[in-house]
Amino acid sequence: MREPAPPCPRGHGTYVKSRSGRLLAFEGLDGCGKTTQVERLAARLSAAGHDVLATREPTDGEWGRRIRARTLEGERAEPAEELRWFLEDRREHVAREIAPALEAGRVVLTDRYTLSTVAYQGARGIDWRTLLAEAEAEFPVPDLVVLLELEPATGMQRVRARGGPREAFEDRENLERVAEIFRAIAADYVARIPGSGSTDAVEVAIAACVDQRLGLPGFP
Ligand code: TYD
């Protein structure tokens with residue numbers, strides 16, 4: 001078993017004092033399978049003896065609840081207002097959960113994080129490169145982002161099949177723009193994995209990627 005790679009040396013953001021843990025974010029279009037894959041990777045890492053925190057954004061905190069309530073109503077706030085809500089939610093999330101976990105040496109898996117803001121709020125007309133630069137300056141930069149790639153039409157079909165009331169984020173043209181920004185982001189901490197395979201195949205591809213990129217012990 002090889003030594004784990006050292007934690008990401010940069011990008012502690014304004015919240016983390018010392019960072020002995022690891023931060024892995026899962027990103028992609030609605031319906032790409034992130035939520036299931038976070039659960040699967042969390043189970044694998046826990047079985048290998050890692051102390052895992054699995055979490056998500058929008059969170060269940062005050063801002064996250066406000067975002068969800070708005071989505072359920074099928075409404076969208078103005079882009080700048082919507083951006084502010086997602087950022088407030090993330091500030092609370094990082095300060096209360098992610099930073100303490102990273103300081104305690106835990107492996108944090110988050111279902112959506114900064115790149116969702118870059119892609120989704122970028123798709124609403126806010127300059128995505130600025131959003132990315134601001135995110136990297138303020139928040140802990142992930143050691144790895146697993147970006148599950150999927151055609152927008154396939155994602156939409158999957159979301160419809162599970163019957164969620166998600167109209168506000170489901171517009172096809174909007175999702176095409178989101179996908180385009182996800183494709184354009186060039187950051188060395190992003191690993192792109194096709195999300196179109198079977199759940200088991202995607203799980204194996206992610207485990208291999210985590211092993212290769214982070215060298216977290218305990219993987220085959
Ligand atoms: P999602 O992960 O699909 O939440 P749920 O747990 O309700 O399934 O996220 C809800 C929507 O929020 C999704 O369409 C993407 C959007 N979103 C943004 O627009 N910006 C952000 O910063 C985040 C975190 C999510």
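In short, a report on the structure. (Residues numbered from 1 in each chain as written. Predicted model: local features only at pLDDT ≥ 70, side-chain atom pairs only at ≥ 80, totals over all residues. Heavy atoms only, no water.)

**A closer look at the side chain of H93**
So, step 1. For H93, the location among the structural elements is in helix α3 (residues 79-103).
So, step 2. Sequence-distant contacts of H93, defined by excluding residues within four places in its chain, comprise T55, R56, E57, T59, I98 and T110. (Helix = DSSP H or I, 4+ residues; strand = E, 2+ residues; numbered from the N terminus. Contact = heavy atoms within 4.5 Å.)

**A word on the site of the ligand**
So, step 1. Around the ligand, 15 residues are found, and the nearest of them are D30, R112, T117, Y120 and Q121.
So, step 2. A distance of 3.1 Å separates an oxygen atom of the ligand from a polar side-chain atom of R56.
So, step 3. R68 places a side-chain nitrogen or oxygen 3.1 Å from an oxygen atom of the ligand.
So, step 4. Compared with its free state, where it exposes 550 Å², the ligand has 88% of that area covered by protein.
So, step 5. Elements that contribute at least two residues to the shell around the ligand include exactly α3 and α4 (114-123).
So, step 6. A per-element tally of the shell around the ligand places α4 first, with four residues. (Near = heavy atom within 4 Å. Polar contact = N/O pair within 3.5 Å; in protein donor to acceptor, adjacent residues only side chain to side chain. Areas by Shrake-Rupley, 256 points an atom, 1.4 Å probe, with all protein chains shown as cover.)

**Regarding the sheet that holds strand β4 (residues 144-149)**
So, step 1. Read from one edge of the open sheet, five strands run β2-β3-β1-β4-β5, paired in parallel fashion. Each edge of the open sheet carries a strand with a single partner, namely β2 (52-56) and β5 (190-194). Pairs of neighbouring strands in the sheet enclose a mean axial angle of 20 degrees, with direction left out of account.
So, step 2. Inspection of the sheet shows strand β1 (residues 22-28) paired to strand β3 (residues 107-111) by five bridges, in the parallel sense. Across the sheet, residue L23 finds its bridge partner in β3, namely V108.
So, step 3. Contacting β1, β2, β3 and β4, helix α1 (residues 34-47) runs over the sheet at an angle of about 165 degrees to β3. (Pairing = 2+ DSSP bridges. Axes fitted to C-alpha atoms, helices over the stretch in contact; angles between N-to-C directions.)

**Digging into the nonpolar core**
So, step 1. In terms of nonpolar packing, the biggest core is built from 36 residues, with L115, V118, F182, I185 and V190 touching the most fellow members.
So, step 2. When residues of this core are traced back to their parent elements, those giving at least two are β1, α3, α4, α5 (128-138), β4 and α7 (172-184).
So, step 3. Looking at this core, the element that brings in the most residues is α3, giving seven residues.
So, step 4. Within the second largest apolar cluster, 22 residues are counted, among which are L41, V146, L150 and I206. (Core = buried A, V, L, I, M, F, W, Y, C linked by side-chain atoms within 4.5 Å. Buried < 20%, exposed > 50% of the residue type's maximum accessible area, 1.4 Å probe, protein only.)

**Brief notes about α3**
So, step 1. For α3, built from 25 residues, the straight-helix expectation of 36 Å at 1.5 Å per residue is met to within 8% by its first-to-last C-alpha distance of 33 Å.
So, step 2. At V94, α3 shows its strongest bend, of approximately 50 degrees.
So, step 3. Directly beyond the C-terminal end of α3, a positive phi value near 85 degrees is found at G105. (Expected span 1.5 Å × (residues − 1). Bend = angle between axes of the 7 residues up to and from the residue.)

**What to know about unusual backbone geometry**
So, step 1. The peptide bond linking E57 to P58 adopts the cis configuration, its omega dihedral lying at -10 degrees.
So, step 2. If you trace the backbone, P58 turns up in the loop between β2 and α2 (62-72).
So, step 3. Unlike most non-glycine residues, R112 shows phi in positive territory, near 80 degrees.
So, step 4. Relative to the helices and strands, R112 resides in the loop between β3 and α4.

**A look at the pattern of salt bridges**
So, step 1. Taken as a whole and judged by the stated rule, the model has 19 salt bridges.
So, step 2. The partner of D60 in a salt bridge is R56, and the shortest N-O contact between them spans 2.6 Å.
So, step 3. The class for D60 is exposed, based on a relative accessible area of 52%.
So, step 4. Here E62 makes a salt bridge to R66, at a shortest N to O gap of 3.4 Å. Separated by four residues within a single helix, E62 and R66 lie in helix α2, roughly one turn from each other.
So, step 5. Judged by relative accessible area, which is 42%, E62 ranks as partly exposed. (Salt bridge = Lys/Arg side-chain N within 4 Å of Asp/Glu carboxyl O.)

Distances and angles like these do not, on their own, reveal function.
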